[in-house]
Structures are given as structure tokens and as C-alpha cells.
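# Working through the structure, step by step
This is what each chain is made of:
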Amino acid sequence: MPRMKAIAAAVQILQREGVRHAFGVPGAAINPFYAALRERGTINHVLARHVEAAAHMAEGYTRTRAGNIGVCVGTSGPAGTDMITGLYSAAADSIPVLCITGQAPTARLHKEDFQAVDIAAIARPVTKLATTVLEPAQVPGAFQQAFHLMRSGRPGPVLIDLPFDVQMAEIAFDIDTYEPLPVHKPPASRPQIDKALDMLATAERPLIVAGGGIVNADAADLLVEFAELVDVPVIPTLMGWGAIPDDHRLMAGMAGLQTAQRYGNANLLASDLVLGIGNRWANRHTGGLDTYTRGRRFIHVDIEPTQIGRVFAPDLGIVSDAKAALQLFVEAGRARRDAGQLPDRSDWVEQCAERKRTMLRRTHFDDIPIKPQRVYEEMNRAFGRDTRYVSTIGLSQIAGGQFLHVYRPRHWINAGQAGPLGWTLPAALGVCVADPEATVVALSGDYDFQFLIEELAVGAQFNLPYIHVLVNNSYLGLIRQAQRAFDIDYCVQLSFDNVNSPEVGGYGVDHVKVAEGMGCKALRVSEPGEILPALEEAKKLMAKDRVPVVVEIILERVTNISMGTEIDNIVEFEELATRGEDAPTAISALNLDEMQFLD
């Protein structure tokens, strides 16, 4: 049996498990790992500027392609604690990420050694496994178990903490005898699926709610096939957006309190049965449960048994991987179609489509300063069906969810439940590493952008080109809007007179200078007619210089984006679309001759 350092065995296992990239920051306690990484030479490493950003890069990398597992690496102490936010974000959205940390030698763990912290205990609530490996011979088994857990059941992150002496110790290990452990994903049974289809058959106005579990399971094609087979409209959640193309005749809009369309909420409220697949019934999707559940029955399919009934009790719960369930749904649906047992849904489908044609928000404003709605209208013009959008939190993300168009799974890459500020920029870099040929477009407000702004230098250093649309109102816009309930506007203004950049007009940070100082390109836009030309110029700069390109769009200081406390009580702060030219890039442009008001 060959003998090698335990950390060399770990690197070989990473390679065997399919890891090709890692994101991190070296340090004294993790240097043995970096030495083994360099010696092996099979895993490309991206050097982050902040260790939290390395975790978010790993998240973006995982979320981009089915089967990817992002790896983030840091030394002992604060490097591990910095990555906790990334682990939380990954756990919340069921994203497998492997976090590897260095640690003080085992003999000094109890001596309050320099940068020695019990990171496993800290990380345990936000991981599927967090362990400090104390015996060198257990290193291979720890990594084998990590990949098994990350891929089995509800996916999620794992942390492996490696003391310095454990990394350096010699063990017997032969990679040729190593095999990944079988992945466990619970499947639905045919009787369960038949029961669900029986319930579907008795409904007059059914909907499918498509969650992020469908995307994670790489089952979007099966979802569309099933929806077409039974002719049932689909409401994607924010994490499931792209599972069915926005322009598909059965795409009925997103429902929710914030990232939702008016027609999505109206279609859900008109339904009498909801089949949820791979979704959590998140509170910003449902709003108040009395409103959400009243007058309709529910079927819930989810890979995690404890999710069934967690938010409310469904009429039928099925524990299953989304792909396994949808394969059976398609199989059983075909049998019923061939037997002539599927009901005609054409009237209901047309009702949903009519709402989609007519219940639109206005996007075309010519105001100066620019209204944010106009930004998304021009983004729809500038970017095609293959664009991968990346966003995380704030009014920018909420408005993006209301107005942008997504056509493929993993083309809306978003930190859903956790929503950490600063996530967008490093996650976009992870997406670029995972799909170097993609058109990647990040969307941030100014505060999200500033949180981890130093990671622009990573994009420049490693030639990771993408476009970052920065909508700048120099405000914590979402928090300011929430403060309306308290009749305050307190500690949320970011504006100041920049003595070095009077041209920013009191908006404070000169993002163009910062971006250029980081080795990137940047453009500033102040008028609505300049947005599309700037986005087109950004495409050229990105292709030519192979670095991130920031397009800063100066917005009006105060805008309230549509949202509410119940899905039947959304406040519309701007006038709605009443003519085709009010929403010219909507999926279904308004027909002036057939305009109906469906308020």
C-alpha cells in the first residue's frame, strides 16, 4: 500500500470526486493543503481577497452546473468564521459546498492557541456535517463521507477541519482502491404518484409550484414535459425560476410578496389545487398562510421528510427527489393520456394566459434621475436567452425578479433564503469559473456591491469577465422602504459629498474610480436613453479586456417597489401598464385593442 501525507490523500480524493476548482486564501495552518494542491497540479485555485467571498464563489460555482461541488479553503481561526455566512447561505438553499479549514495541532487545541477556534462547533448548525479530524488515518473516510452527505437527500454544505499535524502525518492510502459512496435520494412510489394524479384530475384550476429542488435535481425538462402532458400552468418559486421558460405558454408567473408578478399572484389566488415540487413554502412566497391556503388543496413533494408539513399540512405529502417523482409523473401521465383519462384544461390555461397578457407593471419611464423599472426594460433588450443572471438581496433583486426574463434553469443564480449582502460579486465570479463561455450579468444595489467590492480585483487578476449592473440610489433602499411602517428614514442614507469626485453629485462613493483602481472597466449612466448603449459597450469591453465591467446607473434617490404583506394585498406604488408602450419588453406585450383591466 502506498504511503503519503494525509493531506496528499485528501487532494487525490477531491480529484476523484470530480473537483476541478477551489476558491480560498492560504494561511499557516492550511499551507500543507496548498503544498499538496501545487504538487498534484490538477485543481485550479482562485485566490479570493476575503475568505467569506471564497465561500460565495464556491456557491456560485456549484449553482451553475448540475453535479458541481464548489470547494472553499481557509486557514484556522477567523478564516473559518468568515466562511460561516457562505455555509449558512448554502445550507438555506440546499447547495452542496465543501469548506476545508486548517487548524492548530491537536495537542494544542485545548490551550487557546493562536487562531485555534472550535470551528466545527460553530459551523454545525449550518452544515450537514462539521468535523475536526483528529486521526490522520480518518482523513480519507472524512472526505468520502463529506461527498456522500453533500449529494444525498437534501443537498447541503460540509466543513472538514484539519489540524496541522493531521495534515502532515503519513498514512497508507491507494487512490486506485477509492470509490465514492453511493448517493441516496428517496424516490416516490407509483401508488403515491397515482394518488396525486387522481387529486389533480378532480381539480378545475390546478397549478404546479416549481421549487429549487427541481433545479438541484436537474429535472427542469421533466417538469416542462409533465406540465405539457397534463396541461397545467406552472408557478416557479424564486429558486425555481428558469425551470420553465418565461415565455412558455404554461408559465403562469411568480407568486409572492416581493419577487412576483401581478398575474402570478392572481393565477395562484384563482387556483383550487396546488402541486408543489421541490419547494419549501417560503414565507415570502406564501405570505399569510390563511390567504395562501384558503379554498385550495395542496400536494407537496420534497426530498426532505421533515419539510412535509413544516409550514402547513398538505392534503398529500410525498417524500421524493424531484427528478425521481417527475419521472413517475411523466410515466403515469402518459398512461392516462393514452387511455383518454386526462381532463381538458384549455379554458383554465387561457385564463392564466390572459392575466399574463394584461396584468403588467409599467417599466417605460423617461424620468431623470432614472427610475429603476427602466433599467430592467433595457436589460431585457440587451441580454439574450442564454444570460446567466446573479443577484442576492435588496430592491434591485426584488425588481429584477418582477421585470427580468429567465428562460433556463441555473440562469437565475440567487441567494434565496439567507440573502447576504456582498454575495453577488463573488458568486458571479464563481459562475464565470464554472462556465467561462457564458454571458454572466450580476445585479446589485450600491450597498450590496460595496460589501465585498475588493473581489473585483479577483476578476481582473484571473480574467473572469462579466457585466455588473450597479443600480445606485445611495440608499439602503429596501430597509428605507421597510422603515415607512415606522415613519422613519434613519441610518439608511449612503450619500455624502465626495471631495475627490464632485462629479458623482453627492451620491458618495465613486464606483467608477474604485472599479478602475481594481483593474476593471466601468461606465456611469445618468439618463435612461444611455442605458442600452452602455450595456452594449460593456459587452465589447468585457470581450476585449477579459475583466469585469461595471455599469453604474444613477437612480432617483427614493423609489418604492411593489410589495405587500399578503399575496392579495400588494401595494403598487407606480402607475400600472395600460398601453403596450408602457411595458414594451414584457413577455406578453399588451394588445391595445384587447386591453382589459383585471385589478
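As the structure is a computational prediction, the values presented were derived from the model and not from experiment.

## Side note on the overall build of the protein
Looking only at helices and strands, the protein has 24 helices and 21 strands in total. Computed over C-alpha atoms, the radius of gyration of the protein comes to 25 Å, within 12% of the 25 Å expected from 2.2 N^0.38 for 599 residues, which places it in the range of a compact globule. Structurally, the protein occupies a C-alpha span of about 75 × 70 × 45 Å along its principal axes. Put simply, the protein has 599 residues, and 60% of those count as buried. Within the protein, residue pairs in contact and separated by at least 24 positions form 75% of the contacts whose partners lie at least 6 positions apart. On the protein, roughly 22,800 Å² of surface is accessible, and the fraction owed to carbon and sulfur atoms is 50%. Taking the average place of the 55 positive charges on the side chains of the protein and the average place of its 72 negative ones, the gap between the two points comes to 3 Å.

## Structural notes on the pattern of salt bridges
Enumeration according to the criterion identifies 35 salt bridges in this entry. One salt bridge in this structure joins R374 and E378, with 2.7 Å as the shortest N-O distance. Of the two residues, R374 and E378 are both situated in helix α17 (residues 372-382); the distance of four residues between them amounts to about one turn of the helix. Its relative accessible area of 8% is what places R374 among the buried residues. With a relative accessible area of 4%, E378 lands in the buried category. Across the pair R388 and D435 runs a salt bridge, and its minimum N-O distance is 2.9 Å. Of this pair, R388 sits in strand β14 (residues 388-391) while D435 sits in the loop between α19 (424-434) and β16 (440-445), placing them 47 residues apart in sequence. For the residue pair R388 and D435, the accessibility class agrees, reading buried in each case. Through salt bridges with shared partners, a single ionic network connects R190, D194, D198, E331 and R336.

## Structural notes on the pairing of strand β17 (residues 467-472)
Looking along a regular strand, one sees side chains alternate from face to face of the sheet. In terms of burial, β17 is largely enclosed, as six of its six residues are buried. Both faces of β17 are covered, namely the face carrying I467, V469 and V471 and the face carrying H468, L470 and N472. Looking at chain direction, β17 and strand β19 (residues 549-554) are connected through six bridges and run parallel. Paired with V469 across the bridge in β19 is V551.

## Section: the sheet that holds strand β3 (residues 44-47)
Pairing within the open sheet is parallel, and its six strands lie in the order β3-β2-β4-β5-β7-β6. The sheet is open, and its two borders are formed by β3 and β6 (129-132), each paired with just one other strand. If you compare each strand with its neighbour and ignore which way they point, the axes differ by 20 degrees on average. Direction of pairing for strand β5 (residues 97-103) relative to strand β7 (residues 158-163): parallel, over a ladder of six bridges. Looking across to β7, one finds that G102 is bridged to L162. Packed on one face of the sheet, helix α3 (residues 51-64) meets β2 (21-24), β3, β4 (70-74) and β5 and runs near 170 degrees to β4.

The rules behind the values
- Residues numbered from 1 in each chain as written.
- Predicted model: local features only at pLDDT ≥ 70, side-chain atom pairs only at ≥ 80, totals over all residues.
- Heavy atoms only, no water.
- Helix = DSSP H or I, 4+ residues; strand = E, 2+ residues; numbered from the N terminus.
- Rg over C-alpha atoms; globule rule 2.2 N^0.38 Å.
- Buried < 20%, exposed > 50% of the residue type's maximum accessible area, 1.4 Å probe, protein only.
- Contact = heavy atoms within 4.5 Å.
- Areas by Shrake-Rupley, 256 points an atom, 1.4 Å probe, with all protein chains shown as cover.
- Lys, Arg positive; Asp, Glu negative; His and termini not counted.
- Charge placed at Lys NZ, Arg CZ, Asp CG, Glu CD.
- Salt bridge = Lys/Arg side-chain N within 4 Å of Asp/Glu carboxyl O.
- Pairing = 2+ DSSP bridges.
- Axes fitted to C-alpha atoms, helices over the stretch in contact; angles between N-to-C directions.

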